[in-house]
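Below, each chain spelled out in residue letters.
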Amino acid sequence: MASSNSKSTNETARKIFKILLSNPRINVSWVKAHAGNVGNERADQLAKDATQHGQPYSHTKLLKPHIKGLLRKRMLEEWQTSWKNGDTGRKIFNIMASVSLRPTNWIREDVIFFSQHGPFPAYLKTFHLSDSDYCSCGGIGTALHYVTECIYTVSWHMRKPAPNFEQEWLKRVANNLVSRQKIRGIIKFISETEIFSGLPSLQLPSELN
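Conventions adopted
Residues numbered from 1 in each chain as written. Predicted model: local features only at pLDDT ≥ 70, side-chain atom pairs only at ≥ 80, totals over all residues. Heavy atoms only, no water. Core = buried A, V, L, I, M, F, W, Y, C linked by side-chain atoms within 4.5 Å. Buried < 20%, exposed > 50% of the residue type's maximum accessible area, 1.4 Å probe, protein only. Contact = heavy atoms within 4.5 Å. Patch = residues over 30% accessible without salt bridge, like charges linked within 9 Å, V, L, I, M, F, W, Y side chains within 5 Å. Areas by Shrake-Rupley, 256 points an atom, 1.4 Å probe, with all protein chains shown as cover. Salt bridge = Lys/Arg side-chain N within 4 Å of Asp/Glu carboxyl O. Helix = DSSP H or I, 4+ residues; strand = E, 2+ residues; numbered from the N terminus. Axes fitted to C-alpha atoms, helices over the stretch in contact; angles between N-to-C directions. Parallel < 35°, antiparallel > 145°, perpendicular 65-115°, else oblique. Nonpolar A, V, L, I, M, F, W, Y, C, P; charged D, E, K, R; others polar. Phe/Tyr/Trp six-rings, centres within 6.5 Å; stacked < 30°, edge-to-face > 60°. Lys NZ or Arg CZ within 6 Å of the ring centre and 35° of its normal.

The protein appears in an unreviewed UniProt entry as RNase H type-1 domain-containing protein from Araneus ventricosus.

Peer 1: Kindly report on the nonpolar core, identifying the contributing residues and their values.
Peer 2: Core analysis: the biggest nonpolar cluster contains 25 residues, and Phe 113, Phe 114, Phe 120, Tyr 146, Val 147, Trp 169 and Ile 183 have the highest contact counts within it. Excluding residues within four positions of it along the chain, Phe 114 makes contact with Lys 91, Ile 92, Ile 95, Trp 106, Leu 170, Val 173, Ala 174, Arg 180 and Ile 183.

Peer 1: Pulling in residues and values, what's your account of a nonpolar patch on the surface?
Peer 2: Among the surface-exposed residues, Leu 62, Ile 67, Leu 70 and Leu 71 lie close enough to one another that they form a single nonpolar patch of about 370 Å² accessible area. Structurally, Leu 70 can be placed in helix H3 (residues 64–85).

Peer 1: Help me get a handle on the packing of helix H5 (residues 108–115) against helix H9 (residues 177–192), residues and values and all.
Peer 2: Look at H5 against H9: their axes get within 9 Å of each other, and the N-to-C directions meet at 90°. Considering their axes alone, H5 and H9 lie roughly perpendicular with respect to each other. Across from Glu 109, Asp 110, Ile 112, Phe 113 and Phe 114 in H5, the residues of H9 making contact are Arg 180, Ile 183, Arg 184, Ile 187 and Lys 188. Here the residues of the contact of H5 with H9 sort into five nonpolar, no polar and five charged.

Peer 1: Could you give an account of the packing of aromatic side chains, with specific residues and numbers?
Peer 2: Counted by the stated rule, this structure contains six aromatic pairs. Ring geometry for Trp 106 against Phe 114: centres 4.8 Å apart, planes inclined by 25°, an arrangement best described as stacked. For Phe 114, a relative accessible area of 2% puts it in the buried group. Feature note: the residues Trp 106, Phe 113 and Phe 114 constitute an aromatic cluster, connected by ring pairs. Here Arg 90 stacks its cationic end above the ring of Trp 83, 4.9 Å away from the centre of that ring. Positioned above the aromatic ring of Phe 93 is the side chain of Arg 90, whose terminal nitrogen or guanidinium carbon lies 4.6 Å from the ring centre.

Structure below.
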């Protein structure tokens, strides 16, 4: 029998041989056909049924671009599920809910602002890296504060959104290069200006590096 021949080149026979090799308790022996052996008669009947009613097996070769497309789709689906159900990066998720292989062209300052993980007193105080969450101007030192109302960053100010439109405002700003240029200027100003020099040095969270 081909299945018991280790030199057989038949793919099915090779698979059966490997199964037999890994299961020494299975014994294979020749059985005379049509001799009243119940198991053999049943196997013969199933084989006949398959030839008459079974679906023909076809081995379809798929083109490499098609396979790559299927893998890409599956990868994006798994990535999207992970991003949607994750515990980290939720502020970024609220701005970019859908994953994409297209680059965002964000630089370090953009990530700092939109994640709100930066040299902002309100953020630093949360992790006990600052004694106060107040800005040097007297306002609460959030990322939004520096972009819309801090007296030290007037040159880069944008109109402050109403609280119920803040999330939509962030999405629009994230997709506007002119607005992102202003944000980059503010982040660099905060990091380099003497009045803010007492703030701890900034390190991006590991999940955003």
